[in-house]
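# Observations on the model geometry
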Protein chains: 2
Amino acid sequence: MTDATQHILGAFDRDLESLQAHFLKLSGLAEAALTEAAKALETQDIALADRVIASDPAIDELEEFIQMEAASLIARRAPTASDLRRVLAVMRAAHSLERVGDYAKNVAKRTRVLPPSAPLEGHAGTVRRMCSLVVRMLDEATRALVQKDAPLAEAVRKRDLDIDQMYNTLFRSLLTYMMESPGNIGPSMHLHFIAKNIERAGDHATTIAEQALYLATGSMPSEPRPKAGIEVEG
Amino acid sequence: MTDATQHILGAFDRDLESLQAHFLKLSGLAEAALTEAAKALETQDIALADRVIASDPAIDELEEFIQMEAASLIARRAPTASDLRRVLAVMRAAHSLERVGDYAKNVAKRTRVLPPSAPLEGHAGTVRRMCSLVVRMLDEATRALVQKDAPLAEAVRKRDLDIDQMYNTLFRSLLTYMMESPGNIGPSMHLHFIAKNIERAGDHATTIAEQALYLATGSMPSEPRPKAGIEVEG
């Protein structure tokens, strides 16, 4: 290896490190938004919900910055195929994190207009637990991507099943409540849509984990993602 | 403008055209998968559902190809900021289309295991109409992106409201059916999850339309995306 090659490799690695640092920061912002959104729901804290909504543009801007930084890295360093795959994976995962931020914002928006009759008791706690799990999945999936850690990514992927099961349990509980009286349907639907947003955020965490697996092992996971819905609801 | 500059501009445009042609092809595949998945559900055609499932790897491969092609374009042509934004928008939108393919696959998988007691009558038709609308949104959003057509993108974005309303109507109808007997809950949940997948595909069409608006106008739409859920379910 010549000195020139070493110099070029070093420059790519430095750029990748900077890109990944911004990516982990984005993950932190998206995770914080989800956590705060669940807290605002449970404590009916409208001011906190407003802050979650107000924080979304910062997430969008950081994502945009990461996409431009990644493109600039590709243009300046013309990375090899395997290095390029890492950059592309970060670009895709950053897009997923931006969507997670949108879901947190949606949860906060629904919290703002939640009718006082909504069956918060019990259900808001379940939503918080779903949120905690998704936040942990996001944290692990993004670290697995940056560190090319296949076992960590695999663990995230398996935990998607827990999210599905929590969602299904919550849904059935809301259903029981809705069956008691048609007047319960509206408020319960709000909580249902909130849970759906969190489930989607979990879906993105799993997608990031699958990208991490692809980076670490060179192939997409062969067995399909475990899904609770089909078996449980059959 | 020197001859050399003209030559460089021409090369970028040719590359972009090739990238966009592959992108439109990907959109066509994703749209076909959704259409066929809805048809398989309505006609209970398991063989067709199997073909939808089998067609998903081709969608994944084309998306991967597009990401590599876009990266190679960036590396070779080092496009200007506004050209770069077009390439990045195609990369993001291709990722969305890959997800749409996944949703079509999920619908087909659920169709395969749908219990005979599922309340298909009426509901499968609604699902097909939702699918038709999403397919039209995808077609228009991807064309709006390639052609930087702001009015077309805006039209797609507004139609997201129709999807939400169709989903809400379907959900309420399924709810009524579930309330009749607890035994109806399982099969109805299958249809509910199918509708959710299609609603998510519509969400991606809207995301692509928003990217198109951003490209065409230089800023993201300022007013929030119209949403039926909050007002209708309040």
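I will try to describe carefully the structure that is included in this document.

Conventions adopted
Residues numbered from 1 in each chain as written. Chains lettered and ligands numbered in written order. Predicted model: local features only at pLDDT ≥ 70, side-chain atom pairs only at ≥ 80, totals over all residues. Heavy atoms only, no water. Helix = DSSP H or I, 4+ residues; strand = E, 2+ residues; numbered from the N terminus. Buried < 20%, exposed > 50% of the residue type's maximum accessible area, 1.4 Å probe, protein only. Contact = heavy atoms within 4.5 Å. Buried area = accessible area lost by both parts, 1.4 Å probe. Polar contact = N/O pair within 3.5 Å; in protein donor to acceptor, adjacent residues only side chain to side chain. Least-squares fit on C-alpha atoms with pLDDT ≥ 70 in both. Axes fitted to C-alpha atoms, helices over the stretch in contact; angles between N-to-C directions. Parallel < 35°, antiparallel > 145°, perpendicular 65-115°, else oblique. Nonpolar A, V, L, I, M, F, W, Y, C, P; charged D, E, K, R; others polar. Left-handed = near helix turned anticlockwise from the far one by under 90°.

## Remarks on unusual backbone geometry
The phi torsion at Gln44 of chain A lies on the positive side, around 50°, for a residue other than glycine. By the secondary structure assignment, Gln44 of chain A is in the loop between α1 (3-43) and α2 (46-77). Looking at Gln44 of chain A, the relative accessible area reads 35%, which means it is partly exposed. In the Ramachandran plot, Ala78 of chain B falls in the positive-phi region, its phi being about 40° despite a non-glycine side chain. Tracing the backbone through its elements, the reader meets Ala78 of chain B in the loop between α2 (46-77) and α3 (81-112). For Ala78 of chain B, a relative accessible area of 49% corresponds to the partly exposed category.

## Thoughts on the interface of chain A and chain B
Each partner contributes residues to the interface: chain A has 47 residues there, and chain B has 47 residues. Summed over both partners, the interface of chain A with chain B buries about 4200 Å², with 65% contributed by carbon and sulfur atoms. One can count twelve residue pairs in polar contact (both at pLDDT 80 or more) joining chain A with chain B. Every element with two or more residues in the side of chain A that touches chain B is listed here: α2, α3 (81-112), α5 (150-180), α6 (185-217) and α7 (228-233) of chain A. The leading source of residues in the side of chain A that touches chain B is α6 of chain A, at 13 residues.

## Structural notes on the relation of the copies chain A and chain B
When chain A is fitted to chain B, the best match, at an RMSD of 0.0 Å, comes from turning it 180° and sliding it 0.0 Å along the axis. Those values place the two copies in the arrangement expected of a two-fold rotation axis. Across chain A, the rotation axis passes nearest the C-alpha of Ala75 of chain A, at a separation of 2.0 Å. Comparing contact sets, 100% of the residues at the interface of chain A also lie at the interface in chain B, consistent with an isologous, same-surface contact.

## Some thoughts on the packing of α3 of chain A against α6 of chain A
Residues and elements named next belong to chain A. As a packed pair, α3 and α6 sit with axes 9 Å apart at the nearest point and diverge in direction by 170°. In terms of orientation, α3 lies roughly antiparallel with respect to α6. Of the residues contributing to the contact of α3 with α6, the split by class is 13 nonpolar, seven polar and six charged.

## What to know about the packing of α3 of chain B against helix α4 (residues 120-147) of chain B
Residue and element names in this part refer to chain B. In the contact formed by α3 and α4, the axes pass within 10 Å of each other and the chain directions differ by 165°. It follows that α3 is roughly antiparallel to α4 by the angle criterion. Considering the relative orientation of α3 and α4, their crossing is left-handed. Here Arg86, Ala89, Val90, Ala93, Leu97 and Val100 of α3 lie close against α4, whose contacting residues are Leu138, Thr142, Leu145 and Val146. Its residues assigned to classes, the contact of α3 with α4 comprises eight nonpolar, one polar and one charged.

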